[in-house]
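Listed below are the residues making up each chain.
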Amino acid sequence: YTARDVLEKAGDADCVLVDAVLPVTAEMIEGMPKLKMIHSEGVGFAAIDVEAAAKRGVYVCNNRAVNAPQVAEHTVLLMLAAECLILWLIRRRFYR
């Protein structure tokens, strides 16, 4: 989507839900006069012009720590994979 597409479809919106890919620019924020909140479905605000939102009094929020369980699971699985590799190396006498 382009800024023009978003403004055509959500120009009179009070709240906008965006993903982490769609950039929310100052132009888009200014083009939505009723806008009160921008909610990012991601964990950060990298694609949102937070300064422009603050100037207009628009609240910006996100899904903080939404992927924390998956990150923890991935970390544990990486530790298990490293352990398996170390055991494999010990059995083949590459590592002591």
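Relevant structure appears above.
Residues numbered from 1 in each chain as written. Predicted model: local features only at pLDDT ≥ 70, side-chain atom pairs only at ≥ 80, totals over all residues. Heavy atoms only, no water.

A. Just the sheet that holds strand E3 (residues 59-62), in detail. If you trace the three strands from one edge of the open sheet to the other, you get E1-E2-E3, paired in parallel fashion. With one partner strand each, in any of the chains shown, strand E1 (15-18) and E3 form the two edges of the open sheet. On average, adjacent strands in this sheet sit at an angle of 15° to one another, irrespective of strand direction. Summarising the sheet, E1 and strand E2 (residues 37-40) pair through four bridges and their orientation is parallel. Considered in E2, the bridge of Cys15 is made with Met37. (Pairing = 2+ DSSP bridges. Helix = DSSP H or I, 4+ residues; strand = E, 2+ residues; numbered from the N terminus. Axes fitted to C-alpha atoms, helices over the stretch in contact; angles between N-to-C directions.)

B. Spotlight on a nonpolar patch on the surface. A cluster of nonpolar side chains, namely Val76, Leu77, Met79 and Leu80, defines an oily patch on the protein surface of about 380 Å² accessible area. Residue placement: Val76 occurs in helix H4 (residues 68-91). Since its relative accessible area comes to 42%, Val76 is described here as partly exposed. (Patch = residues over 30% accessible without salt bridge, like charges linked within 9 Å, V, L, I, M, F, W, Y side chains within 5 Å. Areas by Shrake-Rupley, 256 points an atom, 1.4 Å probe, with all protein chains shown as cover. Salt bridge = Lys/Arg side-chain N within 4 Å of Asp/Glu carboxyl O. Buried < 20%, exposed > 50% of the residue type's maximum accessible area, 1.4 Å probe, protein only.)

C. Local environment of H4. Taking 1.5 Å per residue as the helical rise, H4 with its 24 residues ought to reach 34 Å, and the 35 Å between its terminal C-alpha atoms agrees with that figure. Positive phi appears at Arg93, one or two residues downstream of H4, with a value of about 60°. (Expected span 1.5 Å × (residues − 1).)

D. Spatial organisation of the pattern of salt bridges. Summed over all chains, the structure comprises one salt bridge. A salt bridge links Asp14 to Lys36; the nearest nitrogen and oxygen atoms lie 3.7 Å apart. With a gap of 22 residues between them, Asp14 in the loop between helix H1 (3-10) and E1 and Lys36 in the loop between helix H2 (26-30) and E2 connect regions that are remote in the sequence. On the basis of relative accessibility, which here comes to 54%, the residue Lys36 falls in the exposed class.

E. Summary view of unusual backbone geometry. Phi is positive for Ala65, close to 60°, though the residue is something other than glycine. With respect to the helices and strands, the residue Ala65 is situated in the loop between E3 and H4. Looking at Ala65, the relative accessible area reads 49%, which means it is partly exposed.

F. Spotlight on the nonpolar core. Counting 18 residues, the largest nonpolar core has Val18, Ile29, Met32, Leu35 and Ile38 as its most contacted members. Elements supplying a minimum of two residues to this core: H1, E1, H2 and helix H3 (50-56). Here this core gets three residues from one element, more than from any other, and that element is H1. Those residues in contact with Ile29 that lie beyond four places of it in its chain are Val24, Leu35, Ile38, Asp49, Ala52, Ala53, Arg56 and Val58. (Core = buried A, V, L, I, M, F, W, Y, C linked by side-chain atoms within 4.5 Å. Contact = heavy atoms within 4.5 Å.)

Coordinates in, geometry out; function isn't part of it.
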